[in-house]
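Architecture and fold: a report
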Amino acid sequence: MAARPLLPSLRYHPAAGELVAGDMQLPWPGSDSEPPVVLGEWARVLGSQVPGRLVASAKSWLSHSAVDRTAPILPWGGATDVVRVSPVDASASYLSHIRAAWNHRFPRQKLEKQDLVLTVPASFDEAARSLTVEAAHRAGLGQARLLEEPQAACYDWLHRHQQELDDLLAEIRLLLVCDVGGGTTDLTLIQVEATETGPQFTRIGVGDHLMLGGDNMDLTLAHTVEKRLGGERLSAASLSQLLQQCRSAKERLLAPDAPERATVTVLGAGSRLIGGSRSAELTRDEVRASVVDGFLPHVESTARPHSRRGGIVEFGLPYTADPAISRHIAAFLAYHAQVARTALGDRLAADNPAPMPDAVLLNGGVFHSESLTERLLGILTDWRGAPLRQLKNAQPDLAVARGAVAYGMARRGKGLRIGGGSARSYFLRVESDTSHTQGVCLLPRGTEEEHELRLTERTFSLRLGEPVQFHLVSSTADTVNRPGDLVEIDVETCRTLPPISTVLGAQATTDEVPVQLTALLTEVGTLEMNAVATDDSERRWQLAFQLRGDEPAAETESAHPRFPEAAERIERLYGSRSKDVGPKEIKMLRADLDKILGKRDSWAMPLLRALFGAFWDGARRRRRSVDHERLWFNLTGYCLRPGFGYPLDEWRVQQLWALYEQGVQYGQDAQVWSEWWTLWRRVAGGLDEAAQTRLLNDIAEDLRPPTKTPKAVKGKGSRKPGYDDKVRLAASLELLPAERKAEVGQWLLQRLTGKEESPQTWWAVGRLGARVPFYGSAHNVVVRETAVDWLQQVVRLDWNKNQPAAFAAVMLARLSGDRERDLDADQRAQVIQRLRTAKAAESWIQMVEEVVELEEADERQMFGEALPAGLRLIH
């Protein structure tokens, strides 16, 4: 124990008996945790020695929307006996440690009673900011404000030079803050204006989220060392250990007095902890070439980041595809050229029309390296055509924390403030008669915190008890609009936000309430919206974002011009007054809807959800006949598939799930049961884990292989009616824990071994063992060893005769980029060879060869049928 300026944000989960209990006792009461964990510097040391027990990059995980960030998933790739923790709880544990250390040192000035500032990447979205605030609450720090890290670094510099700012900033108009941390690269532009009272600072540009930083540099070196170790591909746990050693080697070899080489060692595991260790060397020259040339290559100012169909994934995190920070900086400066030109004014050289900053502030631990600092300064000088001033930052790993304090003091009038308000403009997307996307400006870029804006010129009609939905986009573009302005939205540069979708009020009412919208940038940097009654400002309803991991599908078209006709047809059959409907009429419903609306596979999301609403209105009348019930299950599930992807789908699926307890009316009809299970398979993506668990428990008995099968009923006859439907349903329950999925997969394989051949069963095995889930969280993927075992059984089949088996092999061997999930290269090579022999689709081969997104046909194959038009899955 020692007083240090920094607490490394690392947790180590020791094995039972690994450490002496007294060595983990901290000097403040209540520091015993069960099970015990080690935080900070000692965690870093232990993590570099023992694989699979270190929790790192929790902040990066907070911004990773493809996993459940509140679920216990870290350490990623740890052994099954290692206790897991969620990214939110890991973050909370670091804050709790700091809180306890502070309160032990200052018992009369509790930390939770102070004016607190937490720093976050400038690119953190609404979800990541909200989770950061939640972590603070869990740590007992409920009053914290959030500050963007590049601004914090600037606040630190201003505070340290407050007595000489006029001289230091006399020739500066535009400052670039480049903050390269461990997990992210943050870019910010700050305008500097000379006034009679001194310099004035305004933040005029913020970069997009870039999961690119020092961790990527360490990972590059770790991959280099891995190839030299001479053994097989390292596990995620061993790579994590190697990563810590490579970080230490990098820091030594990039230092001014660096040695010529450094040795890194990977220890063995278990009884081979020492004897199984392997070592390799990194030289000073190769590290500088790999890090400096790889991450800051000399490029022209017109260069742009390279785009790829798939991204880079390691330890489960989706890193930015192009590692060249210099290309990202060039794109950022070009995007903000307009405000940069305004800021520079007459300082912009006539022979260099591209506006470039005349000063730069570098921040982040990587800039302790003179090689990286000199390279970036050289690149910026080349772009500008003249040297630019560097605002010296002697301690780039401390500047953000100290800047947070300076910001807190400035809020109390003890220091300069950086203006600029909101870094983004927010727009409400609206329908348009033109081919262009239009939106109403809710909150312009530059709006200050806690300043509520009300769109007094726009009135909306709100019906309580019914769903309302608002589609929002944000933009960091230079153009500034007024609240309420109707503008054209550039869909290429704007970012689609999670929809604001909700049902306001307890019950429906026939009265519509006229409301106006208000928008507010909170002090923690998130957007807050309310609907306020026009006749009574006290009546207001807060509108909250849906923070689901999937991006919402774009609503680019209305339901359908003939939807009223289709709705009338549904109401005739399922409405309260339908007494003169003949038995043949209900059987013709699907054909009638095809005639009115076009073929079903062309129905887009808005139309499908509108049709669901029409069927839902007739839910109570679905039991009028066996055909009524069968058609209702079939079409309701079809219109709500895949249970997510459109605003308010969560609400719709919750309504539908309430019918599960009621079951079916005509249970003697096999087709009704088939449609019942198909309904739940189609909407499974919108159900929560508890509902999915209930479904599996209810069908498990029919999926388990029979313990004793009489000879007379062996084979297909031993399967109960509806078996294939239940198999497909079970395979679609992706929120189930990996252990349950593995259990179901073993049941199905035992049946296949018993010669119960079924194409649906092989499809289900592939879906259950898929390396990349359709909609679920990556932490619920079955372990690699299970996937390998299943694949060995699949490769024994003739794929020319059994296409579902070939597709199962693709799902089991698909490359995710995460070594914890991916199969070994030779195993994937075997699958690729078999696919080529079977003349499989090229897209299938690509999925095993490289990290790619699913093509439309493959999404259909994985889901089990066609997906709604316009739905795009984001993994």
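Below is a summary of the structure that appears in this document. (Residues numbered from 1 in each chain as written. Predicted model: local features only at pLDDT ≥ 70, side-chain atom pairs only at ≥ 80, totals over all residues. Heavy atoms only, no water.)

Considering the overall build of the protein
Helices and strands together make up the secondary structure of the protein, namely 29 helices and 27 strands. Looking at the protein as a whole, 55% of its 875 residues are labelled buried. At a minimum sequence separation of 6, the contacts of the protein that also span at least 24 residues come to 72%. Carbon together with sulfur atoms contributes 48% to the accessible area of the protein, which is approximately 38,900 Å² in total. (Helix = DSSP H or I, 4+ residues; strand = E, 2+ residues; numbered from the N terminus. Buried < 20%, exposed > 50% of the residue type's maximum accessible area, 1.4 Å probe, protein only. Contact = heavy atoms within 4.5 Å. Areas by Shrake-Rupley, 256 points an atom, 1.4 Å probe, with all protein chains shown as cover.)

What to know about the sheet that holds strand E3 (residues 54-55)
Pairing within the open sheet is antiparallel, and its three strands lie in the order E2-E1-E3. Either end of the sheet is taken by a strand with one partner, and the two such strands are strand E2 (38-39) and E3. Where strand E1 (residues 11-12) lies against E2, two bridges are found, and the strand directions are antiparallel. Counterpart to Arg11 in the pairing with E2 is Leu39. (Pairing = 2+ DSSP bridges.)

A word on the sheet that holds strand E13 (residues 359-363)
The strand order across the open sheet built from six strands is E14-E13-E6-E7-E8-E15, with neighbouring strands paired in mixed fashion. If you trace the sheet from one side to the other, it starts and ends with strand E14 (389-390) and strand E15 (418-419), each paired once. Two elements, strand E7 (residues 185-195) and strand E8 (residues 198-206), share eight bridges in a ladder whose sense is antiparallel. Bridge pairing in E8 places Thr188 opposite Val206.

Some details on helix H17 (residues 605-617)
Along an α-helix, residues three or four apart share an orientation, since each turn contains 3.6 residues. Helix length check: H17 (13 residues) gives 19 Å between terminal C-alpha atoms against 18 Å at 1.5 Å per residue, within 8%. Along its buried surface, H17 packs onto helix H14 (563-574), helix H16 (589-597), helix H18 (626-640) and helix H19 (649-657). (Expected span 1.5 Å × (residues − 1).)

Structural notes on the packing of H18 against H19
H19 packs onto H18 with a crossing angle of 160 degrees between their chain directions and a minimal axis gap of 11 Å. Accordingly, the angle class assigned to the pair H18 and H19 is roughly antiparallel. Handedness of the crossing formed by H18 with H19: left-handed. Contact residues: Trp632, Thr636 and Leu640 in H18; Asp649, Arg652, Val653 and Leu656 in H19. Counted by class, the contact of H18 with H19 contains four nonpolar, one polar and two charged residues. (Axes fitted to C-alpha atoms, helices over the stretch in contact; angles between N-to-C directions. Parallel < 35°, antiparallel > 145°, perpendicular 65-115°, else oblique. Left-handed = near helix turned anticlockwise from the far one by under 90°. Nonpolar A, V, L, I, M, F, W, Y, C, P; charged D, E, K, R; others polar.)

Section: helix H12 (residues 370-384)
Relative to the 21 Å expected for 15 residues at 1.5 Å per residue, H12 spans 21 Å between its end C-alpha atoms, a close match to the ideal helical length. Three or more residues of H12 are buried, namely Ser371, Leu372, Thr373, Arg375, Leu376, Leu377, Ile379, Leu380 and Trp383. Buried residues belonging to H12 abut strand E6 (174-180), helix H7 (214-228), helix H9 (284-295), helix H10 (325-335), E13 and E14. Regarding H12, its N-cap is Ser369, as a side-chain oxygen of that residue lies 3.3 Å from the backbone nitrogen of Ser371 further along. Once H12 ends, the next one or two residues include Gly385, with phi positive near 85 degrees. (Polar contact = N/O pair within 3.5 Å; in protein donor to acceptor, adjacent residues only side chain to side chain.)

Quick notes on the environment of Arg84
Structurally, Arg84 can be placed in the loop between helix H2 (58-62) and helix H3 (87-105). Taking relative accessible area as the criterion, Arg84 reaches 30% and is therefore assigned partly exposed. Along the primary structure Arg84 and Pro72 are separated by 12 residues, whereas in three dimensions their C-alpha atoms are 5.0 Å apart. With residues up to four places along the chain from it excluded, the contact list for Arg84 reads Pro72, Ile73, Leu74, Pro75, Gly78 and Ala79. From its side chain, Arg84 meets the backbone oxygen of Pro75 in a polar contact 3.4 Å long.

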